[in-house]
Amino acid sequence: MSRPLIIAPSILSADFASLGDEVRAVDEAGADWIHLDVMDGHFVPNITFGPPVVKAIRGASKKIFDCHLMIAPCDPYLAAFADAGADIITVHAEAGPHLDRSLQAIRALGKKAGVSINPGTPESAIEPVLDRVDLILLMTVNPGFGGQAFISAVVDKIARVKSLVGNRPIDIEVDGGITPETAPLVTAAGANVLVAGSAVFKGGTRDSYAANIGAIRAAGVKARGKAAA
Ligand code: DX5
Ligand code: ZN
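Report on the accompanying structure. (Residues numbered from 1 in each chain as written. Chains lettered and ligands numbered in written order. Predicted model: local features only at pLDDT ≥ 70, side-chain atom pairs only at ≥ 80, totals over all residues. Heavy atoms only, no water.)

Some remarks on the pattern of salt bridges
Here the structure, examined in full by the defined rule, presents 10 salt bridges. Note that Asp 21 and Arg 24 form a salt bridge whose closest N and O atoms lie 2.9 Å from each other. Linking Asp 21 with Arg 24, this pair stays in helix α1 (residues 19-28), spanning three residues, or about one helical turn. Between Arg 160 and Glu 123 there is a salt bridge, and its shortest N-O distance comes to 2.6 Å. Here the residue Arg 160 occupies a position in helix α5 (residues 154-165), and Glu 123 occupies one in the loop between β5 (112-117) and β6 (135-139), the gap between them amounting to 37 residues. Arg 160 sits in the partly exposed class, given a relative accessible area of 40%. On the accessibility criterion, Glu 123 (14% relative accessible area) is buried. (Salt bridge = Lys/Arg side-chain N within 4 Å of Asp/Glu carboxyl O. Helix = DSSP H or I, 4+ residues; strand = E, 2+ residues; numbered from the N terminus. Buried < 20%, exposed > 50% of the residue type's maximum accessible area, 1.4 Å probe, protein only.)

Next up, the structure:
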C-alpha cells in the first residue's frame with residue numbers, strides 16, 4: 001500500500017516578520033505538514049531559529065510540525081524541540097557519531113524519528129537504522145538555503161532507498177528545489193513527502209500559497225498515477 005502524498009511547506013521562505021500569520025496562512029492554503037528548518041551556522045553555513053520560535057508558532061497550526069535539524073551536535077537539543085511542539089524530529093546522519101542513539105532518544109521523547117542525508121552521502125549510511133526511523137529525508141540540495149537548484153543525481157538514490165525501505169512504514173521525504181516541474185521526478189522514484197519553500201511562498205498571499213501547493217500536489221499525483229500504471 002503506497003503512503004499518502006504529503007506537501008510540507010518550508011517556512012524558511014516565509015516572511016519571518018510575521019511567522020505565526022504565515023504558518024496560519026499556509027495551513028489554511030492546504031499544507032499537510034509544516035516543515036521547520038533549524039540551522040546552527042556550524043553544520044550548515046546559515047543560522048535560522050531554535051526551540052523558542054517553534055514554541056511561539058506552535059499555536060498557529062495543529063498540523064504536524066516536521067522539524068529538520070541541521071545542527072551538530074543534536075542530542076543536547078532534542079528534548080527542547082520535543083517540548084516546543086515538534087511532532088517529527090529529523091537529524092542528519094552526518095551530524096555526529098551516535099546516530100542510532102539520537103534516533104532512540106527521539107522516540108523515547110514520544111516523537112517520530114527521522115534521518116536525513118546530504119546529496120553527497122550514500123544511502124548505506126542509513127541502512128543500519130532503518131528500524132529506528134519513521135522518516136527518511138533525502139536532501140535534493142546541499143542544506144543551508146532556500147531557492148537553490150534541484151540536484152537531479154539524487155533521483156536514483158530515492159529509488160534505491162525506496163527498495164531498501166521495502167514494506168516498512170517509513171515516509172520518504174525530499175527537500176530542496178521541489179517545484180511542479182521536479183515533483184514528478186521524485187514521486188515517480190518513490191518519495192511521498194515533498195518539502196517546498198520558495199515554490200510555495202512565492203506570491204506572498206494565502207491564495208497564491210494555495211495555488212502553489214495545488215500545482216505541486218497535482219504534479220505529484222499525476223506522476224504517481226503514471227508510475228503505478
Ligand atoms: C534547505 C532546507 C530546505 C529549504 C527548501 O537546507 O532544508 O527545507 O528551505 O527550500 P526550497 O524549496 O526553496 O529549495
Ligand atoms: Zn528542510
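From this point, the narrative continues.
Notes on helix α2 (residues 51-58)
Listing the buried residues of α2 in full gives Pro 51, Val 54, Ile 57 and Arg 58. Burial along α2 is one-sided: seen end-on, the buried residues are contained in an arc of 135 degrees. Among the exposed residues of α2, those oriented more than 90 degrees off its buried face are Pro 52 and Ala 56. Where α2 is buried, its residues meet α1, β2 (33-39), β3 (64-70) and α3 (78-84). (Arc of directions from axis to C-beta. Contact = heavy atoms within 4.5 Å.)

Points about unusual backbone geometry
Glycine aside, a negative phi is what most residues show, and trans is what most peptide bonds show. Residue Pro 73 is bonded to the preceding Ala 72 through a cis peptide linkage, with omega at -5 degrees. Relative to the assigned elements, Pro 73 resides in the loop between β3 and α3.

Focus: the coordination of the zinc ion (ligand 2)
Protein-derived ligands of the zinc ion (ligand 2) are His 35 (NE2), Asp 37 (OD), His 68 (ND1) and Asp 175 (OD), with the metal-ligand distances lying across 2.0 to 2.3 Å. Note that the zinc ion (ligand 2) binds six donor atoms; their angles at the metal cover 71 to 171 degrees, and the shape is octahedral. For the zinc ion (ligand 2), the single-chain donor residues occur in sequence as H-x1-D-x30-H-x106-D. Linking His 68 in strand β3 with Asp 175 in strand β7 (residues 171-175), this pair joins segments that are 107 residues apart in sequence. Asp 175 sits in the buried class, given a relative accessible area of 8%. (Donors = N, O, S within 2.8 Å, 3.2 Å for Na, K, Ca; no water. Tetrahedral: all angles 85-135°; square planar, octahedral: opposite > 155°, others 65-115°.)

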